Amino acid sequence: MSLTLVLVQTLNGLQLGVLLFLIAAGLTLVFGVMDFINLAHGVQYMVGAYFAAWFTAMTGSFFVGLALALPSALLLGLLLEILVFRHLYGRDHLAQVLATFGVILFLNEAVRILWGAAPLSVPVPEILSGSIVLMPGLLYPVYRIAIIVAGLLIAVLLYFLVSHTRAGMLVRAGATHPRMVSALGVDIRRLFTLVFGFGAMLAGFAGIMIAPILSVEPGMGDQILILAFVVIVIGGIGSIRGAFVAALLIGLVDTLGRSFSGDLLRLVMSPAEASQTGRAIAPMLIYVLMAAVLFFRPAGLFPAAR
Amino acid sequence: MSDLVSSASTSDVPATPRLRGTVALLVPAAIFLAFALAPLLVHAGLDPFYLSIVVRIMIFAIAAVSLDLILGFGGLVSFGHAAFLGIGAYAVGILASHGAGDAFLQLPVALFASAVFAFLTGWISLRTKGVHFIMITLAFAQMAYFMMTSLSAYGGDDGMTLWTRSTVAGSKVLGDTTAFYYACLGALILSYAICRCLVVSRFGRVLRGAKENAVRMEAIGFDPFRFRLVAYVVSGMICGLAGFLLANHTEYVSPAYMAWQRSGELLIMVILGGLGTLHGAIIGATAFLFLEEWLAGFTEHWRIVFGPLLVLVAIFMERGILGAVTRRRR
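Residues numbered from 1 in each chain as written. Chains lettered and ligands numbered in written order. Predicted model: local features only at pLDDT ≥ 70, side-chain atom pairs only at ≥ 80, totals over all residues. Heavy atoms only, no water.

Concerning the overall build of chain B
Along its length, chain B carries 14 helices and two strands. Radius of gyration (C-alpha) of chain B: 19 Å, near the 20 Å computed for a compact globule of 330 residues. When the backbone C-alpha atoms are referred to their principal axes, chain B occupies close to 50 × 50 × 40 Å. Split into buried and exposed, the 330 residues of chain B put 58% on the buried side. Within chain B, contacts between residues separated by at least 24 positions form 77% of all contacts whose residues are at least 6 apart in sequence. (Helix = DSSP H or I, 4+ residues; strand = E, 2+ residues; numbered from the N terminus. Rg over C-alpha atoms; globule rule 2.2 N^0.38 Å. Buried < 20%, exposed > 50% of the residue type's maximum accessible area, 1.4 Å probe, protein only. Contact = heavy atoms within 4.5 Å.)

The following block contains the structure:
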């Protein structure tokens, strides 16, 4: 457990964290503002990755691909909102689960039909390829640093949008007092559509950014969706700030847990037992964390005031 | 068959499962009769392969009924119910790998393990409400899932293949297709009967009362928590039974049985059929698995049709299949 390894894994955890934040930000707004459980948020991330792969292969440039994939992800989100989600606001959570589960099945299958079941890969863009020396003995890929920086920039932008613009003010008001906002003459439906499309675009952006370092395949959104739910529940549903803190926390706990729980257990167990138990415990850590938070602070770490 | 059925399934007031009327008993009776007679179709020339699908339907119907007990009558949206399927299945797999292949040992262990898991997780989860309950049950099921994927001694990610079905007091009776078929049907009827008795009893009335208005139930002297916990444990045990049968049916045990998608499918079966009627859950499981099988017969991309179908059901059939049927007849 050398210092370099700890630093590398911390950076990896940070990178997972900002990625989770991009996905969770939209999810928590949709959940908090519209009280809508959107299981299909994960497939929007997947579709973003597919768009990136497709447009990059078509144009030969990742950045042109990014510029095309982003509005496509937004369009898809708006289309889904108009066709499906709009009809389910104010309905029972169970109806929302049923419908969005249907959307997952449909989109997972659609990408399988359009692009095949085999994983696609996206080359890392030339400018951001290679590694740099952060410290003597610590090489880290430039692209991963770019993801972290992009994620943090988006976080700052979101903070500004939500707390310093009129639209953001309405979103915040909508999250805590939806009926009052509507009574004051704000078109709450349009606000919902806006939030939804924006959330879908953020999830799509996460998918686009991750495409060069993960294989793009059907179902890639399913596990990340559950992680995003863990994030918004720990952070407090409807709270962007909570989602940010919780996303970094989950990213770090998960990554560091997987790398070092075996090493830590070795202090109290035999090496063989320690690595076996470590492998069993590590993936459970974040769920234990979530259950504990729900038990002691059901509203999450940063509850949106209600 | 109008009033009794519709009052049992399409009401805004809590579904009153007062099924004493003979007419209302006909629906579940007809379902069970259809299951009982299905093997005869094989003699009439149907491919025996279809019986294996019906067995699968019956097993998932047991799980769906158990979920409806807490979901439809207790208002408890468990998004981790598949954990119990996995626990029941792994009880078979793990014991069999140690040479204990008899159902008289495996079944009690499966039920006991499900009960313990339900009691511990329920004791914590039931202190939360609404969306938080959904998420905390999901968290526990994910813990169980990742625990089994990392236990390499029992197959880990790959799961484990069973060499034979469970013996019953030493005899290999479950290996016989027809015997196993009727064993599953018996288990389904038994599970249905247990849940039905529970929901029409005083216990069930308290449970439904707590779903409608927990504060009022507390005010008249009931502690909703204890009733919900008991219902959760019973539900978990019945789902564990389904897991026991599932492992024997597929002769294979895998962490995939506990994946969150599985829990989602169980929820969808119950919603699809119609909440809070118990036989609605059986109809939902049948519709779900039948559609899956039928559409898969046309194209390997059957989900492209199935997904939008679920969306349409969610938007247009608020009370599931049973609700749509009874509403039209009224």
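Moving on from the coordinates now.
As for the pattern of salt bridges
Enumeration over the complete set of coordinates arrives at six salt bridges over all chains. For R303 of chain B, the salt bridge goes to E109 of chain A, with nearest N and O atoms at 3.1 Å. Pair noted here: R303 of chain B is in helix α13 (residues 303–316) and E109 of chain A is in helix α4 (residues 93–115), and the two residues belong to different chains. Overall, R303 of chain B belongs to the partly exposed group, its relative accessible area being 27%. The class of E109 of chain A is buried, set by a relative accessible area of 1%. (Salt bridge = Lys/Arg side-chain N within 4 Å of Asp/Glu carboxyl O.)

Some words on the UniProt feature "transmembrane region" (unreviewed entry) in chain A
Residue and element names in this part refer to chain A. In the UniProt entry, the feature "transmembrane region" (unreviewed entry) is given for residues 12–32, 39–57, 63–85, 97–118, 138–162, 191–214, 226–256 and 277–296. Within residues 63–85, the helical portion is 91% and the strand portion 0%, while the C-alpha atoms at the span's ends are 31 Å from each other. Within the segment residues 138–162, helix and strand shares are 84% and 16% respectively, and the terminal C-alpha atoms sit 37 Å apart. (UniProt positions renumbered as here; feature names shortened; annotations may be inferred.)

Some words on the interface of chain B and chain A
Note on interface size: it is often stated as the accessible area lost on association of the parts. Counting from both sides, the interface comprises 42 residues of chain B and, opposite them, 44 residues of chain A. Summed over both sides, the interface between chain B and chain A buries roughly 3900 Å², with carbon and sulfur atoms accounting for 80% of that surface. Broken down residue by residue, the surface that chain B buries against chain A is led by M135, M143 and W260 of chain B, which jointly contribute 16%. Counting every contact that joins chain B to chain A gives one salt bridge. Our enumeration of links across chain B and chain A arrives at six residue pairs in polar contact (both at pLDDT 80 or more). Those elements giving two or more residues to the side of chain B that touches chain A turn out to be α6 (130–150), α11 (260–273) and α13 of chain B. For the side of chain B that touches chain A, the leading source of residues is α6 of chain B, giving 13 residues. (Buried area = accessible area lost by both parts, 1.4 Å probe. Polar contact = N/O pair within 3.5 Å; in protein donor to acceptor, adjacent residues only side chain to side chain.)

With respect to the UniProt feature "transmembrane region" (unreviewed entry) in chain B
Residues and elements named next belong to chain B. Summarizing the sequence annotation, UniProt attributes the feature "transmembrane region" (unreviewed entry) to residues 21–42, 48–71, 78–97, 103–126, 133–154, 179–204, 266–290 and 302–322 in the numbering used throughout. Taken end to end, residues 78–97 comprises 80% helix and 0% strand; its first and last C-alpha atoms sit 31 Å apart. Taken end to end, residues 179–204 has its terminal C-alpha atoms 33 Å apart, with 96% of it in helix and 0% in strand.

Considering the pairing of strand β2 (residues 138–141) of chain A
All names here are of chain A. Covered by surrounding structure in β2 are L138 and Y140 only, the residues L139 and P141 on the alternate face being uncovered. Judged from the four bridges that link them, strand β1 (residues 131–135) and β2 form a sheet pairing that is antiparallel. The partner of I132 across the bridge, within β2, is Y140. Linking two consecutive strands that pair antiparallel, namely β1 and β2, is a turn of two residues; a positive phi of about 85 degrees is found at G137 within it. (Pairing = 2+ DSSP bridges.)

Description of the packing of aromatic side chains
Residue and element names in this part refer to chain B. Following the criterion strictly, the structure yields 29 aromatic pairs over all chains and no others. Ring geometry for F32 versus Y192: centroids 5.3 Å apart, planes at 75 degrees, classification edge-to-face. With F32 in helix α2 (residues 22–43) and Y192 in helix α7 (residues 177–200), the pair connects residues that are 160 residues apart, well separated along the chain. Residues F32 and Y192 agree in their burial class; the two are buried. Taken together, a centroid distance of 5.3 Å and an interplanar angle of 75 degrees make the contact between Y181 and Y182 edge-to-face. On the accessibility criterion, Y181 (1% relative accessible area) is buried. (Phe/Tyr/Trp six-rings, centres within 6.5 Å; stacked < 30°, edge-to-face > 60°.)

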